[in-house]
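# Reading the structure
Residue-level listing of the chains:
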Amino acid sequence: AQSVTQLGSHVSVSEGALVLLRCNYSSSVPPYLFWYVQYPNQGLQLLLKYTSAATLVKGINGFEAEFKKSETSFHLTKPSAHMSDAAEYFCATSGGGSNYKLTFGKGTLLTVNP
Amino acid sequence: DAGITQSPRHKVTETGTPVTLRCHQTENHRYMYWYRQDPGHGLRLIHYSYGVKDTDKGEVSDGYSVSRSKTEDFLLTLESATSSQTSVYFCAISHSTGTREAFFGQGTRLTVV
């Protein structure tokens, strides 16, 4: 069964610093991978998705993620953090083939310090 | 935002009572899901549906049942609410083709006292 592991339940960065949120996946077939963001008291919003078309995926709000099959990773990055990036971020996978269920990691809370 | 409406948005109920949460979509997506979100656990799948009257269990289905009699509506029922079911519940929808991303509703905050 597919799964994702997010390393670090809480990441704190300074405004203007690099943001790096880690996600590793486990899948027996080529996966579909996603990053979602959740702002306080809101639902989840799709940041970006990997669908095998390109290994470097660009998303909204300046975020991007790189799919590395050799490392089974799909880390999320942003060159310069902004205060408005403070939120919880979730990595998710739907495995592949006939499996459409989304499985989520436990989330990483990003804090941005002024 | 995708056309997903959850109702109610907030509910307080007593232990032992049945509770039904509703998810309504206007996107005609085939797949619908119910997740619960708890601190430290991320989102966990309760039940999902891959068509009208076609449903299956997720990883935390005990104490929950679902029904889907129309494409647009997916109901989650807590048969006899317990305090451990206090949570935020999210409905999601996705296509059966394409890139499979899910779109989420705004959530229902349920408190069982």
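Below: a short report on this structure. Since the model is a prediction, treat every value here as computed from it, not as a measurement. (Residues numbered from 1 in each chain as written. Chains lettered and ligands numbered in written order. Predicted model: local features only at pLDDT ≥ 70, side-chain atom pairs only at ≥ 80, totals over all residues. Heavy atoms only, no water.)

### Description of the overall build of chain A
The number of helices and strands found in chain A is zero helices and 11 strands. What you see in chain A, going N to C, is helices and strands ordered as β-β-β-β-β-β-β-β-β-β-β. Since a compact globule built from 114 residues should have a radius of gyration of about 13 Å, the 13 Å found for chain A is in line with a globular shape. In terms of principal-axis extent, the alpha carbons of chain A reach across some 45 × 25 × 20 Å. Contacts spanning at least 24 positions in sequence make up 57% of the contacts within chain A whose residues lie at least 6 apart. Total accessible area on chain A stands at roughly 5,400 Å², and carbon and sulfur atoms take up 52% of it. Positive and negative side-chain charges of chain A, numbering 8 and 6 respectively, have mean locations separated by a distance of 9 Å. (Helix = DSSP H or I, 4+ residues; strand = E, 2+ residues; numbered from the N terminus. Rg over C-alpha atoms; globule rule 2.2 N^0.38 Å. Contact = heavy atoms within 4.5 Å. Areas by Shrake-Rupley, 256 points an atom, 1.4 Å probe, with all protein chains shown as cover. Lys, Arg positive; Asp, Glu negative; His and termini not counted. Charge placed at Lys NZ, Arg CZ, Asp CG, Glu CD.)

### Topic: the interface of chain B and chain A
Frequently, the measure chosen for interface size is the accessible area that the parts lose on association. The interface of chain B with chain A comprises 22 residues on the first partner and 23 residues on the second. Counting each side, the surface lost to burial between chain B and chain A is near 1,900 Å², with a carbon and sulfur contribution of 54%. Across the pair Lys-49 of chain A and Glu-101 of chain B runs a salt bridge whose closest N-O atoms are separated by 2.6 Å. Linking chain B with chain A are four residue pairs in polar contact (both at pLDDT 80 or more), by the criterion used here. Mapped onto the side of chain B that touches chain A, the elements with two or more residues apiece are strand 4 (31-38), strand 5 (42-51) and strand 10 (102-104) of chain B. Taken together, the residues of the side of chain B that touches chain A sort by class into nine nonpolar, 10 polar and three charged. (Buried area = accessible area lost by both parts, 1.4 Å probe. Salt bridge = Lys/Arg side-chain N within 4 Å of Asp/Glu carboxyl O. Polar contact = N/O pair within 3.5 Å; in protein donor to acceptor, adjacent residues only side chain to side chain. Nonpolar A, V, L, I, M, F, W, Y, C, P; charged D, E, K, R; others polar.)

### Overview of the environment of Phe-90 of chain A
Residue and element names in this part refer to chain A. Along the chain, the position of Phe-90 falls in strand 9 (residues 87-93). Using a relative accessible area of 0% as the deciding quantity, one classes Phe-90 as buried. Separated by 24 residues in the primary sequence, Phe-90 and Pro-114 have C-alpha atoms spaced 23 Å apart. (Buried < 20%, exposed > 50% of the residue type's maximum accessible area, 1.4 Å probe, protein only.)

### Some words on the packing of aromatic side chains
Scanning all chains against the criterion turns up 17 aromatic pairs over all chains. Measuring from ring centre to ring centre gives 5.8 Å for Tyr-36 of chain A and Phe-104 of chain A, while their planes differ by 50 degrees; the resulting arrangement is tilted. On the criterion of sequence distance, the pair formed by Tyr-36 of chain A in strand 4 (residues 33-38) and Phe-104 of chain A in strand 10 (residues 103-104) is long-range, its members being 68 residues apart. No difference in accessibility class separates Tyr-36 of chain A from Phe-104 of chain A, as the two residues are buried. Grouped by ring-pair contacts, the aromatic residues Phe-34, Tyr-36, Phe-90 and Phe-104 of chain A together with Tyr-31, Tyr-33, Tyr-35, Tyr-48, Tyr-50, Phe-90 and Phe-104 of chain B constitute a single cluster. (Phe/Tyr/Trp six-rings, centres within 6.5 Å; stacked < 30°, edge-to-face > 60°.)

### As for the nonpolar core
Nonpolar side chains in soluble globular proteins generally cluster together in the buried interior. One finds Trp-35, Leu-47, Leu-48, Phe-74, Leu-76 and Tyr-89 of chain A to be the most contacted residues of the largest nonpolar core, which totals 25 residues. For this core, the secondary-structure elements that each account for two or more residues are strand 2 (10-14), strand 3 (19-26), strand 4, strand 5 (44-50), strand 7 (64-68), strand 8 (73-78), strand 9 and strand 11 (108-113) of chain A. The element best represented in this core is strand 3 of chain A, accounting for four residues. The residues touching Phe-74 of chain A, leaving out its near neighbours within four places in the chain, are Cys-23, Leu-33, Phe-34, Trp-35, Leu-48, Tyr-50, Val-57, Ala-65, Glu-66 and Phe-67 of chain A. Counting 20 residues, the second-largest nonpolar core is a separate cluster that includes Phe-90 and Tyr-100 of chain A together with Phe-90 and Phe-104 of chain B. (Core = buried A, V, L, I, M, F, W, Y, C linked by side-chain atoms within 4.5 Å.)

### Examining the sheet that holds strand 1 (residues 4-7) of chain B
Residues and elements named next belong to chain B. Within the open sheet, the four strands sit side by side as 1-3-8-7. Their pairing is antiparallel. At either end of the open sheet lies a strand with only one pairing partner, and these are strand 1 and strand 7 (64-70). If you compare each strand with its neighbour and ignore which way they point, the axes differ by 15 degrees on average. Taken together, the four bridges between strand 1 and strand 3 (residues 19-25) define a ladder with antiparallel strand orientation. (Pairing = 2+ DSSP bridges. Axes fitted to C-alpha atoms, helices over the stretch in contact; angles between N-to-C directions.)

### Here we look at the pairing of strand 9 of chain A
All names here are of chain A. The buried count for strand 9 comes to six of seven residues, which makes it a mostly enclosed element. Of the pairings in the sheet, the one linking strand 4 to strand 9 comprises six bridges and is antiparallel in character. Bridging from a neighbouring strand, Leu-33 pairs with Thr-93 of strand 9. Sheet topology places strand 9 next to strand 11; three bridges connect them, and they run antiparallel. By the bridge assignment, Glu-88 is partnered in strand 11 with Leu-109. Sheet analysis places strand 9 next to strand 10, joined by two bridges and oriented antiparallel. In the strand pairing of strand 10, Ala-92 is matched with Phe-104.

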